[in-house]
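Results of the structural survey
Here is what each chain is made of, one letter per residue.
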Amino acid sequence: MILLVGQGLAGSLLADALLRRGRTVRVVADARPTSSGAAAGLFNPVTGRKPQLTWLADALFPFLHRFYPDLEARLGARFFHPMPLYRPFGSPEERAFGLALAEQPGLRAFLQPAPDDAAYADAVRNELGGLRTAGAGWVDVPALLAAFRREFQARGIFLEKTFSHASLNIAPWGVEWEGQRYATVVFCEGVYGAENPFFDWLPFNPVKGESLTLRLDGPVPPGIVNRGVWLIPNGAARTARVGATYVWKSSGGAPPDRAPLTWEPTPDGRDFLLQKLDVWLKTPYAVAGQVAGIRPAVQGRRPLLGLHPEFPQLGIFNGLGSKGVSLAPFFAQQFAEFLVDGKELPEAVNINRFFSLYSGRKRV
């Protein structure tokens with residue numbers, strides 16, 4: 001049996017991948033806030049202020065476009081919303097740069113001059129046109145996690161409980177926890193992984209993000225819009241989600257600079273998003289809500305998968321950062337194949353790339 005600690009995207013999708021491979025699992029999670037619970041769920045194969053193909057886009061995006069519809073059918077829930085992403089040009093120079101990008105071989109499959117500029121014109125300032133990104137969309141992450149929890153509860157494999165790392169009894173044959181033996185414990189704790197005494201040596205670099213919910217009092221864009229900030233429309237409800245901010249914990253200075261990141265939304269976050277949004281959104285709106293989350297990012301921006309260098313009975317699946325919706329399905333499958341079949345993990349995500357950090361700490 002495998003114990004999974006955490007029921008965010010990482011824990012839920014790894015549990016699903018293991019169950020589909022015939023493994024017995026148990027999932028334990030508590031009621032603390034998670035980045036998955038606050039996530040907008042945007043997936044986008046072309047990212048950055050100067051658009052470039054996101055890492056592994058050619059593998060990740062065909063995979064997720066197959067995976068999520070199948071998962072919806074299996075869970076009997078609706079949470080996958082593929083839709084185009086539109087990037088309006090802000091200047092003639094930006095337009096020339098964007099059109100040149102769309103001709104690059106690596107981007108051509110995803111990025112095209114928009115044939116539907118007129119469809120956005122009532123809601124968006126786009127006098128110079130824009131680019132259309134194919135393969136984008138969003139996942140309703142809270143709805144996905146709620147569906148998984150119902151499934152896990154129906155199977156009798158979910159336990160809502162505060163987990164204590166000190167309660168683990170590590171033995172040569174595996175791990176004992178609360179009277180039950182497990183071959184492996186995999187920690188899928190998101191940002192709380194930085195507090196895990198077995199894996200706190202990994203280079204976590206958490207980043208706070210805030211987003212807004214708007215009520216739209218005019219034309220609703222027919223797809224996602226991204227210029228400085230993104231807007232994900234819900235035309236049926238005449239609402240939209242707008243985000244996101246990026247705030248890292250300061251490593252120097254005097255308090256409060258070294259204060260931990262909080263889960264509370266801030267006036268500064270709201271003002272930043274609205275200033276960016278007002279540059280291009282024509283539609284009148286009212287702010288209906290604001291949320292904050294802390295993303296489980298890491299230095300190097302690559303996920304953390306693998307087993308502990310000293311205690312191989314313990315594993316970790318973490319570090320998905322702001323791209324969890326696109327990364328989690330693909331790498332949950334990779335990790336399940338590693339745990340079940342012994343298939344090697346990709347070097348780019350295997351935590352053995354950081355084993356020197358653990359060895360150095362042990363010597364100290």
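See above for the structure.
Residues numbered from 1 in each chain as written. Predicted model: local features only at pLDDT ≥ 70, side-chain atom pairs only at ≥ 80, totals over all residues. Heavy atoms only, no water.

**Some remarks on the pairing of strand 9 (residues 130–133)**
Where we set the bar: Paired strands are those between which DSSP finds at least two bridges. Only runs of H or I of at least four residues qualify as helices and only runs of E of at least two qualify as strands under DSSP, and these elements are numbered from the N terminus.
Bridge analysis of strand 7 (residues 85–88) against strand 9 gives 4 bridges, and the strand direction is antiparallel. Counterpart to proline 88 in the pairing with strand 9 is glycine 130. In this sheet, strand 9 lies alongside strand 8 (residues 111–113) in antiparallel orientation, the contact comprising 3 bridges. Each residue of the ladder has a partner; that of proline 113, found in strand 9, is leucine 131.

**Thoughts on the packing of helix 3 (residues 57–75) against helix 7 (residues 141–155)**
As a reminder of what qualifies: To define axes, lines are fitted to C-alpha atoms, for helices over the stretch in contact only, and angles between the resulting N-to-C directions are given on a 0 to 180 degree scale. Small angles under 35 degrees read as roughly parallel and large ones over 145 as roughly antiparallel, with 65 to 115 read as roughly perpendicular and the rest as oblique. Helix crossings are classified by the rotation of the near helix relative to the far one: an anticlockwise turn of less than a right angle makes the crossing left-handed, while a clockwise turn makes it right-handed. For this analysis, residues touch if any pair of their heavy atoms sits within 4.5 Å. Residues are grouped as follows: Ala, Val, Leu, Ile, Met, Phe, Trp, Tyr, Cys and Pro are nonpolar; Asp, Glu, Lys and Arg are charged; all remaining types, including Gly, are polar.
The geometry of helix 3 relative to helix 7 is characterised by a closest axis approach of 10 Å and an angle of 45° between their N-to-C directions. In terms of their interaxial angle, helix 3 and helix 7 are classed as oblique. Here the hand of the crossing between helix 3 and helix 7 comes out left-handed. Seen from helix 3, the contacting residues are Tyr68, Leu71 and Leu75; seen from helix 7, they are Leu144, Ala147, Phe148 and Glu151. Considered class by class, the residues forming the contact of helix 3 with helix 7 number 6 nonpolar, no polar and 1 charged.

**Quick notes on helix 8 (residues 267–277)**
As a reminder, the rule being used: Categorising residues by exposure relies on relative accessible area from a 1.4 Å probe, with only protein chains included: less than 20% of the type maximum marks a residue as buried, more than 50% marks it as exposed, and the intermediate range marks it as partly exposed. Here the arc refers to the directions that run from the helix axis out to each C-beta atom.
Taken together, the buried positions of helix 8 are Gly269, Leu273, Leu274 and Leu277. Down the axis, helix 8 shows its buried residues gathered within 120° of arc, on one side only. Those residues of helix 8 that are exposed and aimed more than 90 degrees away from the buried face are Pro267, Asp268 and Gln275.

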